Amino acid sequence: MNRFYQVKLDGTTWDLRDRYQKLQFIGSGTFGQVAKASVGQTNCEVAIKKISQAFESKRYAKLAFRELSVLMHVNHPNLISLLDVFLSPNTTEIYLVTHLMEADLHKVIQTQNLTEEHVKSFLSQMLNGLTYLHARGIIHRDLKPSNIAINGNCDLRILDFGLARAVSSDMTGYVVTRWYRAPEVIFSWREYDQAVDVWSVGCILAELITSQVLFRGKSTFNQLTVIFNLVGTPSAALINKISNDTTSRCLSQEPHRDGQDFNVVFRNASPWAIDLLKRMLQLDPEERISSLEALKHPYLKDYSTPMEEDNHPIYDQCFETSNFSLQDWRRIIMENIAQFSSPDIESNIKTK
């Protein structure tokens, strides 16, 4: 029998299972708050995300279910794992319990002097987690340093699957924080794929090397200008691939630029790091290296880990095109939560 108790935290009330104690506020985002807690009388600590708006509208319910469904579908050491999930007693809030990580990559970049070995280790772990997602047809769509969590022993996990989607023929354009957004998303292509994540990782790699944001655009169109200043303007062949006529005309009128020499811009980086950056930051996604190919790149030859062979079950996103009512969403979410079982959370913390 699960017993609950209430605790006030950062001005809100949390309804927690009594196995979670010593709650401490970590932060808040658009769709929830995050805190850390101890598990029972052990030294194990977890992160708990409270989603308060899931049942207020169909949009919020769909976002909550998307994050929940992806977390229930994946299990990889470089992805955040779902250890437990439960509803508040009045079933108005969802609580997601995951591993507790000590910092995010943004803070690490800002506060630490990273060696090339750090860079290679972080990059290989990101790509391992990403390759696992991509093999299952999942695009993260919001990779950025603040969504990459790090522990003191340099273990890395990718966070936040609220925008994750399976590949489809109709993808929304407003995804990924602007500075890490792939050009084909800005170009308003509707058929983009996993390559958008690789672009984001390329931006993160550059930031790991220089400790500076690579493409700090001030607006959507300025973001393109900043990108073109580094990698050059798109070719006529690439412009012809863009389905949005307005974007095509604007790009055709863009003054030609050849781009800069990566060896000068990243003068402190090794030749193989620069080569991998070039392959990740290709304007044409069809020419961009894949996450699996990047893992096999010579830059990471000492960090590559063999991929385990499995059936790669493809993520089912049929709910994305559904026309569920708010009541339908509530029922589906509650059914999925009821199916999740984690009786020995202490063991799961150590093994997942």
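Structural data are supplied above this passage.
Residues numbered from 1 in each chain as written. Predicted model: local features only at pLDDT ≥ 70, side-chain atom pairs only at ≥ 80, totals over all residues. Heavy atoms only, no water.

Asker: How would you explain the packing of helix H1 (residues 58-73) against helix H12 (residues 326-339) if you had to name every residue and give the values?
Answerer: Relative orientation of the contacting elements H1 and H12 amounts to 20°, with a least axis distance of 10 Å. Viewed along their axes, H1 and H12 adopt a mutual orientation that is roughly parallel. For the pair H1 and H12, the crossing hand works out as left-handed. Residues Lys58, Ala61, Lys62, Phe65, Leu68 and Met72 of H1 form the contact with H12, whose own contacting residues are Leu326, Trp329, Ile332, Ile333, Asn336 and Ile337. The class makeup of the residues in the contact of H1 with H12 is nine nonpolar, one polar and two charged. (Axes fitted to C-alpha atoms, helices over the stretch in contact; angles between N-to-C directions. Helix = DSSP H or I, 4+ residues; strand = E, 2+ residues; numbered from the N terminus. Parallel < 35°, antiparallel > 145°, perpendicular 65-115°, else oblique. Left-handed = near helix turned anticlockwise from the far one by under 90°. Contact = heavy atoms within 4.5 Å. Nonpolar A, V, L, I, M, F, W, Y, C, P; charged D, E, K, R; others polar.)

Asker: Hey, could you go over the sheet that holds strand E10 (residues 148-150) for me, with residue numbers and the actual values?
Answerer: Spatially, three strands are ordered E8-E10-E11 in an open sheet, and the strand pairing comes out antiparallel. Since the sheet does not close on itself, it has two edges, and those belong to strand E8 (103-104) and strand E11 (156-158), each with one partner. As defined by bridge partners, E8 adjoins E10 across two bridges and the pair is classed as antiparallel. Considered in E10, the bridge of Ala103 is made with Ile150. Here helix H3 (residues 116-135) sits on the sheet and contacts E10 and E11; the angle it forms with E11, its principal contact strand, is near 40°. (Pairing = 2+ DSSP bridges.)

Asker: Could you give me a rundown of the sheet that holds strand E4 (residues 33-39), with the residues and numbers involved?
Answerer: Strands sit in the order E3-E4-E5-E7-E6 across an open sheet of five strands; the sheet is antiparallel. Bordering the open sheet on either side are strand E3 (20-28) and strand E6 (82-87), each of which pairs with just one other strand. Adjacent strand axes in the sheet meet at a mean angle of 25° when their direction is disregarded. H12 rests against E6 and strand E7 (94-99) of the sheet, and its axis sits at about 130° to E6.

Asker: Describe the environment of Trp179, and please don't skip the residues or the numbers.
Answerer: Of note, Trp179 is situated in the loop between strand E12 (165-166) and helix H4 (183-186). Overall, the relative accessible area of 27% leaves Trp179 in the partly exposed class. Each C-alpha atom, one on Trp179 and one on Leu214, is 7.7 Å from the other, the two residues being 35 residues apart in sequence. In this structure the side chain of Trp179 is engaged in a polar contact, spanning 2.9 Å, whose partner is the backbone oxygen of Gly217. (Buried < 20%, exposed > 50% of the residue type's maximum accessible area, 1.4 Å probe, protein only. Polar contact = N/O pair within 3.5 Å; in protein donor to acceptor, adjacent residues only side chain to side chain.)

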